[in-house]
Amino acid sequence: MQFTITRDRFVQDVQHVAKAVSSRTTIPILTGIKIVAAEDGITLTGSDSDVSIETFIPKEDADSEIVTVQQPGSIVLQARFFAEIVKKLPGEDIEISVTDQFATTIRSGSSVFNLNGLDPEEYPRLPQLEEDLLFKLPQDMLKNMIRQTVFAVSTQETRPVLTGVNLETEEGELICTATDSHRLAIRKAKIEKNDNSLTFENVVIPGKSLIELSKIIDDSNDLIDVVVTENQVLFKMENLLFFSRLLEGKYPVTKSMIPTQSKTSLHLKTKSFLHTLERALLLSREGKNNVINLKTLDGQVEITSISPEVGKVTEHIDAKIDGEEMRISFNGKNVIDALKVIDSEDIHVMFTGAMSPFVIKPIDHDHYLHLFSPVRTY
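Owing to the predicted nature of the structure, the values given are computational and were not obtained by experimental measurement.

Thresholds applied
- Residues numbered from 1 in each chain as written.
- Predicted model: local features only at pLDDT ≥ 70, side-chain atom pairs only at ≥ 80, totals over all residues.
- Heavy atoms only, no water.
- Helix = DSSP H or I, 4+ residues; strand = E, 2+ residues; numbered from the N terminus.
- Expected span 1.5 Å × (residues − 1).
- Buried < 20%, exposed > 50% of the residue type's maximum accessible area, 1.4 Å probe, protein only.
- Core = buried A, V, L, I, M, F, W, Y, C linked by side-chain atoms within 4.5 Å.
- Contact = heavy atoms within 4.5 Å.
- Pairing = 2+ DSSP bridges.
- Axes fitted to C-alpha atoms, helices over the stretch in contact; angles between N-to-C directions.
- Parallel < 35°, antiparallel > 145°, perpendicular 65-115°, else oblique.
- Left-handed = near helix turned anticlockwise from the far one by under 90°.
- Nonpolar A, V, L, I, M, F, W, Y, C, P; charged D, E, K, R; others polar.
- Arc of directions from axis to C-beta.

Draft legend 1. Expanded view of helix H5 (residues 270-284). With 15 residues, H5 extends 21 Å between its outermost C-alpha atoms, agreeing within 8% with the 21 Å of an ideal straight helix rising 1.5 Å per residue. Inspection of H5 places Thr270, Phe273, Leu274, Thr276, Leu277, Ala280, Leu281, Leu283 and Ser284 among the buried residues, and these make up the whole buried set.

Draft legend 2. Seen up close, the nonpolar core. With 98 residues, the main nonpolar core has Phe3, Phe10 and Phe273 as its most contacted residues. It is H5 that provides the largest number of residues to this core, a total of 6 residues. Ignoring any residue separated from it by four or fewer positions in sequence, one finds phenylalanine 10 in contact with Phe3, Ile5, Leu44, Ile57, Phe82, Val86, Ile94 and Ile96. Counting 7 residues, the second-largest nonpolar core is a separate cluster that includes Ile175, Met350, Val359 and Leu369.

Draft legend 3. Highlighting the pairing of strand E13 (residues 164-170). Of all 7 residues in E13, 6 are buried; the element is thus mostly enclosed. Both E13 and strand E17 (residues 203-206) contribute to a ladder of 4 bridges, which runs antiparallel. Note on E17: the bridge partner recorded for asparagine 166 is valine 204. As defined by bridge partners, E13 adjoins strand E14 (residues 173-179) across 5 bridges and the pair is classed as antiparallel. Each residue of the ladder has a partner; that of glutamate 168, found in E14, is isoleucine 175. Counted between consecutive antiparallel strands, the loop separating E13 from E14 contains 2 residues, among which glutamate 171 sits at a positive phi close to 50 degrees.

Draft legend 4. Broad picture of the sheet that holds strand E19 (residues 232-236). With respect to topology, 9 strands assemble into an open sheet ordered E8-E2-E3-E4-E20-E19-E18-E12-E16, the strand pairing being antiparallel. At either margin of the open sheet sits one strand with a lone partner, and together these are strand E8 (73-78) and strand E16 (192-193). Each of strand E2 (32-38) and E8 is contacted by helix H2 (residues 79-88), which is oriented at about 100 degrees to E8, the strand it contacts most. Across the sheet, helix H4 (residues 207-216) touches strand E4 (51-58), E19 and strand E20 (240-245), and the angle it forms with E20 is around 170 degrees.

Draft legend 5. Here's a closer look at unusual backbone geometry. The backbone of phenylalanine 102 shows a phi angle near 60 degrees, a positive value even though the residue is not glycine. Secondary-structure assignment places phenylalanine 102 in the loop between strand E9 (93-98) and strand E10 (103-108). We classify phenylalanine 102 as partly exposed; its relative accessible area is 32%. Despite not being glycine, serine 181 has its phi angle at roughly 75 degrees, a positive value. For serine 181, the location among the structural elements is in the loop between E14 and strand E15 (183-190).

Draft legend 6. The pairing of E20, seen in detail. In this sheet, E20 lies alongside E4 in antiparallel orientation, the contact comprising 5 bridges. Within E20, the residue paired with serine 52 across the bridge is phenylalanine 243. Sheet topology note: the E19/E20 ladder contains 5 bridges and is antiparallel. Directly across from valine 233, in E20, lies its bridge partner serine 244. Hairpin connection between E19 and E20: a loop of 3 residues separates the two successive antiparallel strands.

Draft legend 7. Focus on the sheet that holds strand E21 (residues 264-269). Spatial ordering of the open sheet is given by E17-E13-E14-E15-E29-E28-E27-E21-E25, a layout of 9 strands whose pairing is antiparallel. Because the sheet does not close on itself, it has two edges, and the strands there are E17 and strand E25 (320-323). Taken pair by pair, the neighbouring strands of this sheet meet at an average axis angle of 20 degrees, ignoring direction. Where E15 lies against strand E29 (residues 368-372), 5 bridges are found, and the strand directions are antiparallel. Bridge assignment links arginine 187 to a residue of E29, and that residue is tyrosine 368. Contacts from H4 reach E13 and E17 within the one sheet, and its direction differs from that of E17 by about 70 degrees. Seen against the sheet, helix H6 (residues 332-341) touches E15, strand E27 (346-351), strand E28 (358-362) and E29 and runs at an angle of roughly 175 degrees to E29.

Draft legend 8. Representation of the packing of helix H1 (residues 7-18) against H2 within the structure. With their axes 9 Å apart at the nearest point, H1 and H2 run at an angle of 155 degrees to one another. With respect to each other, H1 and H2 are oriented roughly antiparallel. Crossing of H1 against H2: the hand is left-handed. Note on element contacts: H2 touches H1 through Phe82, Ala83, Val86 and Lys87, opposite Arg7, Phe10, Val11, Val14, Gln15 and Ala18. Residues that form the contact of H1 with H2 fall into these classes: 7 nonpolar, 1 polar and 2 charged.

Draft legend 9. Region of interest: H2. Burial in H2 covers these residues: Ala79, Phe82, Ala83, Ile85 and Val86. Considered in projection along H2, the buried side chains sweep an arc of 165 degrees and stay on one side of the axis. Opposite the buried face of H2, by more than 90 degrees, sit the exposed residues Arg80 and Lys88. Against the buried residues of H2 lie H1, E2, E8, E9, E10 and strand E11 (111-116).

Draft legend 10. Structural view of the environment of isoleucine 57. Inspection of the secondary structure assignment puts isoleucine 57 in strand E4. In this structure the C-alpha to C-alpha distance between isoleucine 57 and arginine 9, which are 48 residues apart in sequence, comes to 8.1 Å. With residues up to four places along the chain from it excluded, the contact list for isoleucine 57 reads Ile5, Arg9, Phe10, Asp13, Asp40, Gly41, Ile42, Leu44, Ile66 and Val67.

Okay, structure coming up:
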């Protein structure tokens with residue numbers, strides 16, 4: 001195998017596929033990146049058997065030549081070294097050649113690296129998915145949906161299904177849900193489907209996979225194809241495929257948890273509420289419990305946080321208040337996480353009682369909402 005490629009494009013794609021490679025895998029070949037050179041371009045693959053990423057670099061792009069393949073072939077190179085080497089090479093082009101026994105030479109500028117490759121025949125094949133269940137949505141929307149839900153997935157492996165984000169369709173909408181049983185984030189969006197009868201539920205994608213995916217997708221409104229099968233999901237972009245396995249198990253039914261009416265509702269400025277909670281958390285972090293107390297006054301909300309060893313903080317913020325007087329305690333860190341991903345200037349906070357879950361949602365639309373369990377403080 002032998003080819004020459006422009007360094008910038010190669011570095012970008014190597015970084016993408018390296019995101020799927022784990023050093024902790026039990027399968028030695030998966031610590032490598034597979035490179036296949038063919039007449040029409042170069043294909044790179046990285047995988048840790050949960051997530052697989054494949055990118056294709058065509059020979060030409062926008063009339064400029066990117067790759068020259070002198071001799072087709074394939075090789076697997078250790079991702080840890082290869083990704084770092086490529087990033088730091090001095091020249092504008094990189095030449096990679098493979099001789100007997102998978103001995104690989106990487107040349108760029110005045111630099112020459114000799115690496116021991118692995119047998120590409122041992123590299124597992126990527127799944128071929130039936131594309132019956134397919135829908136499309138803009139990349140920037142998908143990126144937002146991930147950002148506004150993935151922070152709420154559980155980090156505890158005791159209930160593996162909660163470490164993922166659940167996808168389901170309802171009346172032409174895609175609904176993404178994440179919960180760690182103390183908080184819940186729901187985000188909805190309209191999608192384009194290849195078949196109007198397309199419906200699915202209980203498609204749970206690991207949170208870790210989605211975080212890696214969101215690093216790769218653009219902030220553009222180019223469409224991304226999503227293919228769902230029984231145990232895999234595939235995200236297809238122009239020259240990139242991102243596979244992830246799905247989590248097994250039944251995702252809890254969350255619709256019934258969301259209260260429909262409220263005893264007390266607040267209308268607050270998102271930023272000032274966020275900054276007030278961040279200040280209140282400065283003291284309660286010490287007690288490791290992140291408890292913040294909220295009390296409604298006349299036209300104001302009082303936020304307090306007490307840490308017996310450190311001290312107390314009290315702050316008032318203006319709010320429009322409807323309904324009964326309210327006192328409630330909650331995990332401030334959870335609410336802060338949600339406020340950080342809310343893009344609206346104003347929010348609605350709806351309480352159904354001091355011991356019942358409460359809802360935070362933007363005032364100007366109903367694409368998403370966040371639900372939190374209160375904390376018992378007595």
